[in-house]
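Structure at a glance
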Amino acid sequence: MSYGIKPLGTRVVIKETAAEEKTASGIVLPGAAKEKPQMATVLAVGPGTDEVKMELNVGDKVIYSKYAGNEIKYNGETVMICDQRDILAIVE
């Protein structure tokens with residue numbers, strides 16, 4: 001499945017998951033109190049380079065660094081392009 005953006009090198013296109021509306025104890029959070037999520041789904045991956053192998057796949061759920069990447073608007077939605085090294089973990 002092609003997303004329409006083909007990242008270069010070791011870059012990936014990710015889309016943030018929705019922020020939690022409630023805490024674990026059931027308290028509803030107002031918009032300003034919601035913490036920016038650091039979990040996302042991988043939408044597209046670059047080919048990697050000779051030095052760095054691409055370890056991510058489309059559809060992976062990942063945790064990324066707080067200040068990673070650049071947000072862009074594409075086809076009416078906000079996505080982020082970041083480097084593979086900004087991805088901290090794959091969620092299984």
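These lines cover the structure that appears in this document, whether it is placed above or below. The structure presented is a predicted model; accordingly, all values stated were derived computationally and were not measured.

Conventions adopted
Residues numbered from 1 in each chain as written. Predicted model: local features only at pLDDT ≥ 70, side-chain atom pairs only at ≥ 80, totals over all residues. Heavy atoms only, no water. Helix = DSSP H or I, 4+ residues; strand = E, 2+ residues; numbered from the N terminus. Buried < 20%, exposed > 50% of the residue type's maximum accessible area, 1.4 Å probe, protein only. Contact = heavy atoms within 4.5 Å. Areas by Shrake-Rupley, 256 points an atom, 1.4 Å probe, with all protein chains shown as cover.

**Remarks on the overall build of the chain**
In terms of regular secondary structure, the chain is built from zero helices and six strands. When the elements of the chain are put in sequence order from the N terminus, they spell out β-β-β-β-β-β. Here the chain holds 92 residues, and the buried ones make up 29% of them. Considering only intrachain contacts with a sequence separation of at least 6, the fraction spanning at least 24 residues in the chain is 62%. Carbon and sulfur atoms form 52% of the exposed surface of the chain, whose accessible area is close to 6,300 Å².

**Here we look at the environment of I63**
Residue position: I63 is located in strand β3 (residues 61–64). Sequence separation of I63 and Q38 is 25 residues, and the distance between their C-alpha atoms is 5.5 Å. Excluding its chain neighbours within four sequence positions, the residues that come into contact with I63 are Q38, M39, I87, L88, A89 and V91.

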